[in-house]
Each structure stands twice: as C-alpha cells, then as structure tokens.
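# Structural description and commentary
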Amino acid sequence: MPQWLLNRLFESKDQPKPTFAIQGTINWMRALSEIINSDQFSDEITNDIYKKVQRRPKNEIADTLVFENMLMAYHNLAALDSLDKDVTHKYDVIRSAIVSWYYSTYFAASAMVAASSGLQQETHTATAKVWHSDFAEKGLLPYPFNLCLSTLVLKDVKSQIKDLRAGNSHNLNVYSSNLDEAKGACLSYLSGTADYKKWEVEERIKASSDFKKLGVDNFKTKAAQSLRDSSLTKGQINYLFQAFRYRGKANYRDSIFLSYGNSYEDKMDLFVSDLKDVTSAFIRVASIYCQKRVVKGDWELFTSDLEENTRLTLPINIMKI
C-alpha cells in the first residue's frame, strides 16, 4: 500500500524524508555517546576545567534555583532510565525519550546558569544565550559539550568548522563506530544547526519592515546583505541550541519520522541507551560545577536528602561529588 500519510504531508508542507531525518537523529546521539564514553571525557577532565571556579557569596534564592532545577534534571533522567530498562519496543517511546533527554539537559543547564549568575531566564532561548556567555564562550565546558559558534555569518561559520575539523572528513551520515567518526558527526550537526539558525534569522528579517523598505525579495543586494549580516554576526550556536533544535524536530516539525516507514529496530535499543548516557554525562558536568558554587556543604545535604526522600528508583550517584 502506498504511504498515504507521508504523501499527504509532502503535499501540504515541506516534509523531510523520514529516512534522512531519523538517520541524523540517531547518528548525532551515537556520536555524542561515543565521545563521552571515551577517554576524551571524564570527571578528571571536568574537574580540571573547573579547578579555578570560586564559591560565590551566599545567595539562598539562587542556590534554591540550582537545587530545584537539578531535581527536575534528575527526574527526567529517571524517566529515560525506565524507558531504557523497562520498555521492550523502543519505537513506542522514542519521542518521549527525546523529550525527557531535552528537559533533563535544559534543567541541568538552567541550574548551571543559576549557579553562575544567579538568574532564571523566562524562555529556553534566553537560557541558551546566558549559558553561551557564562560557559561556552569562557571555555568552561568539557568536550563535546563545548562545541560552539559565536556567529552565523556563512563564511565565518565555514572557516571555524574547517578549523575544528582539522582534516576530519566524517559527517552525520556515518553511524559512529570510533572516536574520529564521532567527532566528524558532531561537527556536522554543529554546522547543520548553524545553517538552520541562519535560515531562521533570514526568514525573520524578510518579515521585518526594514527589509520590506528595500523592495527586494532576497539578499543579493549589498543593502539586504548588510541588514542580514548585522543580525547573523550576533548569532550563536552551542549545545543547548542544538538540543532545542533536536527536541523541536522530534516534538513539532518532523512529525512522522520517528515512527513511520523504514525500520531501524536494530538501532533503537542503543539509541535510548545513548540518550541516557549523554544526559547522565551532562548532569555530571552540571553537578561538579554547581557543587563548587553553592554554599559549602549544601550540595551534600541536597544529595543526602534526595537519597532519603525521593520516590524515584534511579540512584542519585550521578550527582554525588
């Protein structure tokens, strides 16, 4: 039988092919997991990055935000753990698993921001921007979570990606089986996210009154390019922006690709496990940083309290320092 729903979606909107979309989804997480399970990622590396981080003056409100957000990150990790261990047919839960992965990442990053600047942002984009300035641009993240770009201007993005690649030619089409392939895939996803964010900026500019005053419909003129590039120069890509795009593909834009068409059953079990491993690694980074910033001894009180009072089945070892 023809794929009736897929054909209908193609007729009504710009619908990515399910095979292409799901390959990129699986392959990025496989690459991240390959790296965090290698000698390129460890507590020792993270501790070395944060060795000069100073404990801040007492700030009970900000510290409470840290603990609240870390609880939510831990809760979403517990959901991922159950989806990994207790569900036989992973296709049934894959979209929910990605959402749990995203929110665990988002809440852990929010805890880091609260520990750094003491602030709670109103939107996910605002959180990603503060996280960029507080961590990504300051070199306060271990690889691969430190991969970032501080511009969306095409020629600058290409130059920075080329430098980061250092001759690595692997891309997101590869299901990583070694560290070199994983690094190449991660850089492809970074570049792809930059392309997507560039498109978003251009669409927003096209709808602006300043662009309409130019009387053009593209960016071929110098005036249109100047208007575009002034916004692209301020653009940012980091792990949170990539996570936001990843969750959006799963939960909103590409509705069909996670549960329809060609079967990737042989990769689904490992995919959910990869989501959990990458989430655990990110929460570990957040825990090490936050413990250094909150009132001395309170992190230990926080983890001990969870051990005694949480109803979740996942051990809290990932947050114990």
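Residues numbered from 1 in each chain as written. Predicted model: local features only at pLDDT ≥ 70, side-chain atom pairs only at ≥ 80, totals over all residues. Heavy atoms only, no water.

### Considerations on the overall build of the chain
Within the chain, the secondary structure is distributed over 13 helices and 0 strands. A compact globule built from 321 residues should have a C-alpha radius of gyration of about 20 Å, and the chain, at 21 Å, falls within 12% of that. Its C-alpha atoms give the chain principal-axis dimensions of about 60 × 50 × 40 Å. For the chain, the proportion of contacts with a sequence separation of at least 24, taken over those separated by at least 6, is 76%. Counting every atom, the chain has about 15,700 Å² of accessible surface; 50% of that belongs to carbon and sulfur. (Helix = DSSP H or I, 4+ residues; strand = E, 2+ residues; numbered from the N terminus. Rg over C-alpha atoms; globule rule 2.2 N^0.38 Å. Contact = heavy atoms within 4.5 Å. Areas by Shrake-Rupley, 256 points an atom, 1.4 Å probe, with all protein chains shown as cover.)

### Structural notes on the packing of helix α5 (residues 94–117) against helix α12 (residues 265–293)
Running from amino to carboxyl end, α5 crosses α12 at an angle of 10°, the nearest separation of the two axes being 9 Å. The angle between α5 and α12 places the two elements in the roughly parallel class. Looking at side-chain class alone, the contact of α5 with α12 contains 20 nonpolar, 4 polar and 1 charged residues. (Axes fitted to C-alpha atoms, helices over the stretch in contact; angles between N-to-C directions. Parallel < 35°, antiparallel > 145°, perpendicular 65-115°, else oblique. Nonpolar A, V, L, I, M, F, W, Y, C, P; charged D, E, K, R; others polar.)

### Some details on the nonpolar core
Judged by nonpolar contacts, the single largest core of 98 residues is most densely connected at W28, V66, M70, W101, M112, W131 and L275. Per-element accounting of this core gives the leading share, 14 residues, to α5. If we skip the residues at most four places from it in the chain, M70 touches A108, A111, I283, A286, S287, W299, F302 and M319. (Core = buried A, V, L, I, M, F, W, Y, C linked by side-chain atoms within 4.5 Å. Buried < 20%, exposed > 50% of the residue type's maximum accessible area, 1.4 Å probe, protein only.)

### Quick word on unusual backbone geometry
The peptide bond linking Y143 to P144 adopts the cis configuration, its omega dihedral lying at 10°. Position of P144 among the secondary structure elements: in the loop between α6 (124–136) and α7 (154–165).

### Regarding helix α10 (residues 222–232)
By the burial criterion, the buried members of α10 are A224, R228 and L232. Mapping the buried residues of α10 onto a view down its axis gives an arc of 65°, with all of them on the same face. Against α8 (179–206) and α9 (209–213) lie the buried residues of α10. (Arc of directions from axis to C-beta.)

### Regarding the environment of D269
Tracing the sequence through the fold places D269 in helix α12. Accessibility expressed as a relative area gives 43% for D269, which makes it partly exposed. Placed 167 residues apart in sequence, D269 and Y102 show a C-alpha to C-alpha distance of 18 Å. Ignoring sequence-local partners within four residues, the contact set of D269 consists of D84, T88 and K90.

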